[in-house]
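If you want the building blocks of each chain, they are given just below.
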Protein chains: 2
Amino acid sequence: MADDRGVWEKPIAVVLLSGGMDSCVTAAVAALDHRLALLHSSYGQRTEAREKRAFEEIAAFFHAPFRLAVEQQYLSRIGGSALTDPSIAVPQADLEAARFGHIPVTYVPFRNAHFLSVAVSWAEVIGARRIYIGAVEQDSSGYPDCRPEYYRAFNETIRVGVRPETRIDICAPLIHMCKADIIRRGVKLGAPLDLTWSCYKSSDVACGTCDSCALRLRAFAEAGVPDPIPYLKA
Amino acid sequence: MADDRGVWEKPIAVVLLSGGMDSCVTAAVAALDHRLALLHSSYGQRTEAREKRAFEEIAAFFHAPFRLAVEQQYLSRIGGSALTDPSIAVPQADLEAARFGHIPVTYVPFRNAHFLSVAVSWAEVIGARRIYIGAVEQDSSGYPDCRPEYYRAFNETIRVGVRPETRIDICAPLIHMCKADIIRRGVKLGAPLDLTWSCYKSSDVACGTCDSCALRLRAFAEAGVPDPIPYLKA
């Protein structure tokens, strides 16, 4: 796509960057043939400030020319999730339950639609044709908005919901991968996994026991790669 | 649906209430057989404070048991619209251009997805099965996210994006109506049209000349009903 920086400039891709491992590897994949427009949301999640710091450090690592951090605090006012409601405890990991389709209490109702809507609005204004998201179906926590059919439906909503000349597609390059392969891919691409933050509970040293820590630790073990971040209890 | 107020209680409906005429009539339609959960967004639009006041006055009129006003100011940071970017002028009305499929500069990229996403998250938490929106296809300003195909696609995104046991549908009862019929319907239902705000430009007295004022004034004239609000120039 031509823009004022010349037709040979790489196209722009918006990447949803939570600051976790999956989104960091996704940014590394997108960076292969795009200029990065990195997007982060603070939505009143427990580890909000720590995730924002991870976003900033990863954005600096990639020298991303476009960056946008938004506030969607109303998600925590709506509640309904252990991630945003202090009265609901973040449980210890139960990876078996997740595998069998149980939706955990860390599910934030319809969360990814909020992030994707910002990504689409921003992409339409800055002329990005692709939105990258680090959603992972298998090995994830069973969230409905991490499945391929969700992204097919959202892509159709984009197609009919923007200007007729606008073309924007969501791309989820990790969706069929397991977490161990994501780590191997990240290591191969030189993604800064040491700057990422995954823990749902803590903001100083990762707890090592919540769902997100448990999935991460298991994946590093399977990949045969040491996890570069410290843990309270692993 | 049963809840702690008893099985004979009316079900809850979330209604997107901008404070304009269409959303006010939509609330009146929904109120016929639902308890109202009224939702408003401030997103840095020019007449933000005036619209919020209209929301509050209309919510008080309906004695709505659930109310939520959210801030989505990032939409104005993203820009790309005369409604949110002070450097883009709100044009005088050009109703012919709108009729022929031209998308006006007041289009806010992918705006309704932001509002609907909040509505879905909230609906899932409070147990509402319906989301009402006052979108109007014909006679609207040519916005892509005011067409039936957009709501069909969004409904599919909801179906695959929430808990498997959750059922939520978007309902746009005015979508095939013309603005004059909407006014007649509103008058018949006793909707408080005198509390609504439509002007894109001004927050004290409606300008009478922007697209939104022009559509409203033409509709009242066609309906043969006096518009209960004053105008600077009509």
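Given the structure is predicted, the values throughout are model-derived calculations rather than measurements.

**Student:** How should the overall build of chain A be read in this particular structure?
**Tutor:** In terms of regular secondary structure, chain A is built from 8 helices and 5 strands. Listing every helix and strand of chain A by position from the N terminus yields β-α-β-α-β-α-α-α-β-α-β-α-α. Whereas a compact globule of 234 residues would reach a radius of gyration of roughly 17 Å, chain A reaches 17 Å, a difference of no more than 12%. If one aligns the C-alpha atoms of chain A with their principal axes, the spans along those axes are about 50 × 35 × 30 Å. Sorting the 234 residues of chain A into buried and exposed places 53% on the buried side.

**Student:** So what exactly am I meant to see when it comes to the relation of the copies chain B and chain A here?
**Tutor:** Between the two copies of the chain lies a relationship made up of a rotation around an axis and a movement along it. With an axial shift of 0.0 Å and an RMSD of 0.0 Å, the rotation relating chain B to chain A amounts to 180°. Such a combination of rotation and displacement between the chain copies is what one expects of a two-fold axis. Residue by residue, 100% of the interface of chain B is reproduced at the interface of chain A, so both copies engage with the same surface.

**Student:** Is there a simple way to explain the interface of chain B and chain A in this structure?
**Tutor:** By a frequent convention, interface size equals the accessible area lost on bringing the separate parts together. Tallying the contact residues gives 32 residues for chain B and 32 residues for chain A. Contributions of two or more residues to the side of chain B that touches chain A are made by β3 (66-71), α3 (74-78), α5 (111-126) and α6 (148-161) of chain B. If one sorts the elements of the side of chain B that touches chain A by residue count, α5(B) sits on top with 9 residues. Across the side of chain B that touches chain A, the residue classes tally to 18 nonpolar, 7 polar and 7 charged.

**Student:** Please explain helix α2 (residues 48-62) of chain B as it appears in this structure.
**Tutor:** Three- or four-residue spacings in an α-helix give side chains the same orientation, since the helix completes a turn every 3.6 residues. Over its 15 residues, α2(B) extends 21 Å from the first C-alpha to the last, a length consistent with the 21 Å expected when each residue adds 1.5 Å. Following α2(B) by one or two positions, B:His63 adopts a phi angle in the positive range, close to 50°.

**Student:** Would you mind going over the confidence of the model for chain A with me for this structure?
**Tutor:** Fine structural detail should not be taken from predicted coordinates in areas where pLDDT scores are low. Model confidence for chain A is summarised by a mean pLDDT of 90, while 91% of its residues fall at 70 or above. Of the two predicted TM-score estimates for the complex, the pTM is 0.91 and the ipTM is 0.89.

**Student:** Would you explain helix α8 (residues 211-223) of chain A in this entry?
**Tutor:** All names here are of chain A. With 13 residues, α8 extends 18 Å from end C-alpha to end C-alpha; this agrees with the ideal 18 Å at 1.5 Å per step. Looking only at α8, the buried set comprises Asp211, Ser212, Cys213, Ala214, Leu215, Arg216, Ala219 and Phe220. Gly224 sits one or two positions beyond α8 and adopts a positive phi of about 70°.

**Student:** Can you help me understand the packing of helix α7 (residues 179-189) of chain A against α8(A) in this one?
**Tutor:** Packed helix pairs are characterised by how far apart their axes lie and by the angle those axes make with each other. All names here are of chain A. Between α7 and α8, whose axes approach to 8 Å, the crossing angle comes to 65°. In terms of their interaxial angle, α7 and α8 are classed as roughly perpendicular. In this structure, α7 crosses over α8, and the sense of that crossing is right-handed. Taken together, the residues of α8 that come into contact with α7 (itself represented by Lys179, Ala180, Ile183 and Arg184) are Leu215, Ala219, Phe220, Glu222 and Ala223. Taken together, the residues of the contact of α7 with α8 sort by class into 6 nonpolar, no polar and 3 charged.

**Student:** Explain the sheet that holds β3(B) to me, please; I cannot follow it from the model alone.
**Tutor:** By definition, the strands of a sheet pair up through backbone hydrogen bonds, in either a parallel or an antiparallel sense. All names here are of chain B. In spatial order, the strands read β3-β2-β1-β4-β5; together these 5 strands make up an open sheet with parallel pairing. Sheet topology places β3 and β5 (169-171) at the edges, where each strand pairs with a single neighbour. Within the sheet, the average angular offset between the axes of one strand and its neighbour, ignoring direction, is 25°. Summarising the sheet, strand β1 (residues 12-16) and strand β4 (residues 130-132) pair through 3 bridges and their orientation is parallel. Each residue of the ladder has a partner; that of Ala13, found in β4, is Arg130.

**Student:** I would appreciate a short explanation of the sheet that holds strand β1 (residues 12-16) of chain A in the present structure.
**Tutor:** Residues and elements named next belong to chain A. Spatially, the 5 strands line up as an open sheet ordered β3-β2-β1-β4-β5, and their pairing is parallel. Edge positions in the sheet fall to β3 (66-71) and β5 (169-171), since each of these pairs with one other strand and no more. Direction aside, neighbouring strands of the sheet carry axes that sit 25° apart on average. Most of the contacts of helix α1 (residues 21-31) go to β1, to which it runs at about 175°, and overall it touches β1, β2 (35-42) and β4 (130-132).

**Student:** Looking at this model, I keep getting lost on the pairing of strand β2 (residues 35-42) of chain B. Mind explaining?
**Tutor:** Looking along a regular strand, one sees the side chains alternate between the two faces of the sheet. Residues and elements named next belong to chain B. In terms of burial, β2 is a largely internal element, 7 of the 8 residues being buried. Across 5 bridges, the pairing between β1 and β2 is parallel. In the strand pairing of β2, Val15 is matched with Leu38. In this view, the connection linking β1 to its parallel neighbour β2 by way of helix α1 (residues 21-31) has right-handed handedness. Across 6 bridges, β2 lies against β3 in parallel orientation. For Ser42, the partnering residue across the bridge sits in β3 and is Glu71. Chirality of the crossover, the property in question, places the unit of β2, α2 and β3 among those that are right-handed.

**Student:** What is the right way to look at the environment of A:Ala69 in this model?
**Tutor:** All names here are of chain A. As for its placement among the helices and strands, Ala69 is situated in strand β3. Along the primary structure Ala69 and Ser23 are separated by 46 residues, whereas in three dimensions their C-alpha atoms are 15 Å apart. When sequence neighbours within four positions are dropped, the list of residues in contact with Ala69 reads His40, Ser42, Lys52 and Phe55.

**Student:** In this structure, what is going on with the environment of A:Ala128? I would like to understand it.
**Tutor:** All names here are of chain A. Looking at where Ala128 falls in the secondary structure, it is placed in the loop between α5 (111-126) and β4. Separated by 114 residues in sequence, Ala128 and Val14 have C-alpha atoms that sit 6.6 Å apart. With residues up to four places along the chain from it excluded, the contact list for Ala128 reads Ile12, Ala13, Val14, Ala37 and Ala123.

**Student:** Explain the environment of B:Pro164 to me, please; I cannot follow it from the model alone.
**Tutor:** All names here are of chain B. By the secondary structure assignment, Pro164 is in the loop between α6 and β5. Residue class for Pro164 comes out exposed when judged on the 10 C-beta atoms lying within 10 Å of it. Sequence-wise, Pro164 and Glu222 are 58 residues apart; in three dimensions their C-alpha atoms are separated by 46 Å.

Conventions adopted
- Residues numbered from 1 in each chain as written.
- Chains lettered and ligands numbered in written order.
- Predicted model: local features only at pLDDT ≥ 70, side-chain atom pairs only at ≥ 80, totals over all residues.
- Helix = DSSP H or I, 4+ residues; strand = E, 2+ residues; numbered from the N terminus.
- Rg over C-alpha atoms; globule rule 2.2 N^0.38 Å.
- Buried ≥ 20, exposed ≤ 12 C-beta atoms within 10 Å, placed from the backbone.
- Least-squares fit on C-alpha atoms with pLDDT ≥ 70 in both.
- Contact = placed C-beta atoms within 7 Å.
- Nonpolar A, V, L, I, M, F, W, Y, C, P; charged D, E, K, R; others polar.
- Expected span 1.5 Å × (residues − 1).
- pLDDT = per-residue confidence, 0-100.
- Axes fitted to C-alpha atoms, helices over the stretch in contact; angles between N-to-C directions.
- Parallel < 35°, antiparallel > 145°, perpendicular 65-115°, else oblique.
- Left-handed = near helix turned anticlockwise from the far one by under 90°.
- Pairing = 2+ DSSP bridges.
- Right-handed = clockwise from strand over helix to strand, strands pointing away.

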